[in-house]
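Single-letter residue listing:
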Amino acid sequence: MAFTLKPLPFPKDSLAPTISAKTIDHHYGKHHQTYVTKLNELIAGTPHEKSDLETIIKATAKGEGKEKKIFNNAAQVWNHDFFWDSLAPNGGQKPPENIAKYLNDSFGSFDSFRDKFVDAAINQFGSGWAWLVLKNGKFDISTTSNADCPMTSGIHALWTCDVWEHAYYLDHQQNRAGFVKAVIENLTNWQFIGLRLAQAK
Ligand code: MN
């Protein structure tokens, strides 16, 4: 069964100015689509052909050669699906009470969470992802390189921001910090974080 590009959960022009429709055209229409296409090419005729995405990611996480290529493309499909779900037009602003409580307990305040997340994102050298994760019942921040994701370390992700240059260069040029801060403040889908939190229990 071939994988298909999952539809965006919002209109492509609804995240501007933080993420423009032009960026979505490239990021979703070209980069994300290419990961899906390459994954299908790579798994054709292999036992992975009948597996779901998470099974493929876990099975190939320590692979080399072709398995590594399958991992990279499968994980990037999952990461991008997860990233789009992490965003909402008119998101951000004030987190709902149940999430605010976690943010306060784990980081002291929403502002401290935002600043720590931005710091982690700019300290991720090169391409990768910044994550809000659940660790020992608290929120925590982590980063991964390239296609890596928390799932392969058994960590439950709650939210993510793509920090590959292709995610922000058209709209923010080299300003990764400004991009991540704007995503948190303007686009965070708190409902999705609530859903992921519920799934962990
Ligand atoms: Mn990306």
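Since this is a predicted model, take the numbers as computed values, not measurements.

Cut-offs and rules
- Every chain begins its residue count from 1, and numbering advances along the sequence as written.
- A pLDDT threshold of at least 70 governs which residues receive local features in this predicted model, and a stricter bar of 80 or more applies before side-chain atom pairs are shown or counted, although totals over entire chains, interfaces and linings include all residues.
- Side-chain numbers come from the whole structure's heavy atoms, not from hydrogens or water.
- Coordination shells were defined by N, O and S atoms within 2.8 Å of each metal, extended to 3.2 Å for Na, K and Ca; water is absent from the atom set, which can make sites look incomplete.
- What counts as a helix is a DSSP run of H or I of at least four residues, what counts as a strand is a run of E of at least two, and both are numbered from the N terminus.
- Burial here depends on accessible area, computed with a 1.4 Å probe over protein chains only, as a share of the maximum for the residue type. Under 20% is buried, over 50% is exposed, and the range in between is partly exposed.
- DSSP calls a pair of strands paired once it identifies at least 2 bridges connecting them.
- For helices, the fitted axis covers only the stretch in contact; all axes are lines through C-alpha atoms, and the angles between them, taken along N-to-C directions, range from 0 to 180 degrees.
- Any Lys or Arg side-chain nitrogen located within 4 Å of an Asp or Glu carboxyl oxygen qualifies as a salt bridge.
- Whether two residues are in contact is decided by their heavy atoms: any pair within 4.5 Å suffices.
- Each polar contact in these results corresponds to two N or O atoms within 3.5 Å; when the atoms are within protein, one needs to be able to donate a hydrogen and the other to accept it, and residues that are neighboring in sequence are counted only if both atoms are side-chain atoms.

**Points about the coordination of the manganese ion**
Here the manganese ion is held by the protein donor atoms His27 (NE2), His80 (NE2), Asp162 (OD) and His166 (NE2), which lie 2.0 to 2.1 Å from it. Mapping the donors of the manganese ion onto the primary sequence yields the spacing H-x52-H-x81-D-x3-H. Highlighted residues: His27 in helix 1 (residues 21–43) and His166 in helix 6 (residues 165–172), separated in sequence by 139 residues. When sorted by exposure, His27 lands in the same class as His166, which is buried.

**Things to note about the pairing of strand 3 (residues 156–162)**
Of all the seven residues making up strand 3, six are buried; the element is thus mostly covered by neighbouring parts of the structure. Bridge analysis of strand 1 (residues 128–135) against strand 3 gives six bridges, and the strand direction is antiparallel. Bridge assignment links Ala130 to a residue of strand 3, and that residue is Cys161.

**Details of the sheet that holds strand 2 (residues 138–145)**
Read from one edge to the other, the open sheet built from three strands follows the order 2-1-3, with strand pairing classed as antiparallel. Of all strands in the sheet, those with a lone pairing partner are strand 2 and strand 3, marking the two edges. Strand-to-strand, the axes of this sheet are offset by a mean angle of 25°, without reference to chain direction.

**Re the pattern of salt bridges**
All told, the structure shown has nine salt bridges when counted by the stated rule. Arg114 is paired through a salt bridge with Asp111; the nearest N and O atoms lie 3.6 Å apart. Note that Arg114 and Asp111 are positioned in helix 5 (residues 110–123) at a spacing of three residues, about one turn of the helix. Given the relative accessible area of 12%, Arg114 is considered buried. Relative accessible area serves as the criterion here: at 42%, Asp111 is assigned to the partly exposed category.

**Notes on the environment of Arg196**
Note on placement: Arg196 falls in helix 8 (residues 190–200). Linking Arg196 and Trp159, residues 37 residues apart in sequence, is a C-alpha distance of 8.2 Å. Arg196 has contacts with Phe82, His156, Ala157 and Leu158, leaving out every residue within four places of it along the chain. Here Ala157 takes part through its backbone oxygen, which lies 2.8 Å from a polar atom of the side chain of Arg196.

**A closer look at the environment of Ile122**
By the secondary structure assignment, Ile122 is in helix 5. Overall, Ile122 belongs to the partly exposed group, its relative accessible area being 40%. In this structure the C-alpha to C-alpha distance between Ile122 and Ser20, which are 102 residues apart in sequence, comes to 21 Å. Apart from residues no more than four positions distant in its own chain, Ile122 is found in contact with Arg176 and Ala177.

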